[in-house]
Amino acid sequence: EGMTIVELAKRTGESIRVLQDILVNVGEKVDSEFDPLSIDVAELVAMEVGVNVRRLHSNEGAKVLVRPAVVTVMGHVDHGKTSLLDALRETSVAAKEAGGITQHIGAFVVSMPSGASITFLDTPGHAAFSAMRARGAAVTDIVVLVVAADDGVMPQTLEAMAHAKAAGVPIVVAINKCDKPAADPERVRLQLASEGLPLEEMGGDVQVVEVSAVNKLGLDKLEECLLLQAELMDLKARIDGPAQAYVVEARLDRGRGPLATAIVKAGTLLCGQHVVVGSEWGRIRAIRDVVGKLTERGIPAMPVEIEGLRGLPMAGDDIVVVDSEERARMLSAGRKKKHEKNRLMKVDEEKIDTLDSSEEEGPKRVEMPVIVKADVQGTVQAVTDSLKTLNSPQVFVNVVHVGVGPISQSDVDLAQACGACIVGFNVRSPPISVSQAATRAGIKVKVHRVIYHLLEDMGSLIVDKAPGIF
Ligand code: GDP
């Protein structure tokens, strides 16, 4: 039945001592390393060390059903992300029922005549996307990349592409503003293709749809493409058992207290359950659906608003169901303590991590993810090429994103999401707010005007990451 802490250590690759600390945090007393833990407790502990529950939770006999896709809209500013979401929201049944007015809870669902549905996250832009990803929340299944037909591919279009790629999330392109006389969707296609996006009509697998958010043209086609993409991905989820869910939005309501919109990834969230949400906790007092109607449960890919938390969680926080208030309180306290400790010891831990992993399997190739920003396209290429000269059997400089222009907040977001450092060449130093954000997130930012100095600096970053590598 249960699993001992020794077995759990083997399964999670975590040390027994760390697991014991977590057990204490969740209020579980273990007298002997050989006492079996209940499967619930084992799962909880596994989740705390970042191991996916499903690996421990036997799916045997569990009901696994097709679930709707969760979609995020990204693209350059003013290309029509908000307008497109508005137009799509109007096609939702809920909007029709509610006479076009739905409350904003951070997500909505479009139901198709066939019975299939699509869940849209209502916060456009990649800031939200990468903030969630940085917190480990892989909520989005598909990205709709909005490109204005009159404006074409712009810097944030490329950033959005980089975000989606880094997250391994497939893209469906919506060429928007096709109603405009200046619209040139063919040009957009060529631009996207030359940026390496494998469009379907050119033999790739990325679907492209021409739409107009203002005239509401092509929306049904876009929805069909999303359904097709979802079908290809064969999205399934276990619906029985404890929920695994993420917060997509949270707000404080004067009367009702903290409210969190959640998307369930697996299992079922029930009214009355005790939960830990990020480092907050509470007992679910009420669950509402996208139209604000009370419901008993939240099932996979269905956005629900939950009430009853003691504090305000953050977008991207995970929701864990536990079996008592006591445990919820302790797990929450444990996480708060851990966050605090992490913040203080971030640098030290990084060093220990690399040492640990090199110990087990001999010298490993150290990966150094890098984002390159430069003044013009030509220098971007030159910098990228010279960074690659640092590659060796021990070192892999992975250029995850390149761009022209100053280092921006979204570069910092992307860097945080993929643990990269940022290199600026011949660009101004980033604005104070951006450098502060980078410092807070522990991201290294290097700005240079001489390639040699840049390479020298990169070399020392690599040595920092893996002492003794050269
Ligand atoms: P966002 O910054 O990407 O969210 O873009 P918005 O949705 O705010 O749209 C920016 C501007 O483009 C607004 O003035 C919209 O009215 C306009 N716009 C959006 N979609 C369309 C469209 O399909 N056709 C036309 N003509 N204008 C559009």
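A short tour of the structure in this document, coming up. (Residues numbered from 1 in each chain as written. Predicted model: local features only at pLDDT ≥ 70, side-chain atom pairs only at ≥ 80, totals over all residues. Heavy atoms only, no water.)

1. Here's the deal with the site of the ligand
Turning to step 1, where the next piece is worked out: D78, K81, T82, S83 and D179 are the nearest of the 15 residues found near the ligand.
Turning to step 2, where the next piece is worked out: Between the ligand and S83 there is a distance of 2.5 Å, counted from an oxygen atom to a side-chain nitrogen or oxygen.
Turning to step 3, where the next piece is worked out: A distance of 3.3 Å is found between an oxygen atom of the ligand and a backbone nitrogen or oxygen belonging to V214.
Turning to step 4, where the next piece is worked out: A total of 580 Å² of accessible area belongs to the ligand in isolation, and the protein chains cover 72% of it.
Turning to step 5, where the next piece is worked out: In terms of residue count, helix α5 (residues 81–90) provides more of the shell around the ligand than any other element does, three residues in total.
Turning to step 6, where the next piece is worked out: Here the shell around the ligand is composed, by residue class, of three nonpolar, seven polar and five charged. (Near = heavy atom within 4 Å. Polar contact = N/O pair within 3.5 Å; in protein donor to acceptor, adjacent residues only side chain to side chain. Areas by Shrake-Rupley, 256 points an atom, 1.4 Å probe, with all protein chains shown as cover. Helix = DSSP H or I, 4+ residues; strand = E, 2+ residues; numbered from the N terminus. Nonpolar A, V, L, I, M, F, W, Y, C, P; charged D, E, K, R; others polar.)

2. Let's talk about empty space enclosed by the protein
Turning to step 1, where the next piece is worked out: Under the criterion given, the structure shown has one cavity of 30 Å³ or more.
Turning to step 2, where the next piece is worked out: Looking at the largest cavity, its volume works out to about 30 Å³.
Turning to step 3, where the next piece is worked out: Lining the largest cavity are R67, V70, V139, D141, I263, V264, K265 and A301.
Turning to step 4, where the next piece is worked out: Per-element tally for the lining of the largest cavity: the top contributor is strand β12 (residues 257–266), with three residues.
Turning to step 5, where the next piece is worked out: Classifying every residue of the lining of the largest cavity gives five nonpolar, no polar and three charged. (1 Å grid on protein atoms, 1.4 Å probe; cavity = no way out; pocket = protein on both sides within 12 Å on 5 of 7 lines; lining within 4 Å. Points joined across faces, edges and corners; volume = space filled by probe spheres on them.)

3. Focus: the sheet that holds strand β23 (residues 445–448)
Turning to step 1, where the next piece is worked out: Spatially, the four strands line up as an open sheet ordered β21-β20-β22-β23, and their pairing is parallel. Two strands lie at the open edges of the sheet, namely β21 (395–404) and β23, each paired on one side alone. Taken over all neighbouring pairs, the strand axes of this sheet differ in orientation by 25° on average, direction set aside.
Turning to step 2, where the next piece is worked out: Sheet analysis places strand β22 (residues 421–425) next to β23, joined by four bridges and oriented parallel. Looking across to β23, one finds that I422 is bridged to V445.
Turning to step 3, where the next piece is worked out: This element, helix α13 (residues 409–418), spans β20 (366–374), β21 and β22 of the sheet and lies at about 170° to β20. (Pairing = 2+ DSSP bridges. Axes fitted to C-alpha atoms, helices over the stretch in contact; angles between N-to-C directions. Contact = heavy atoms within 4.5 Å.)

Honestly, it's all geometry; don't read function into it.
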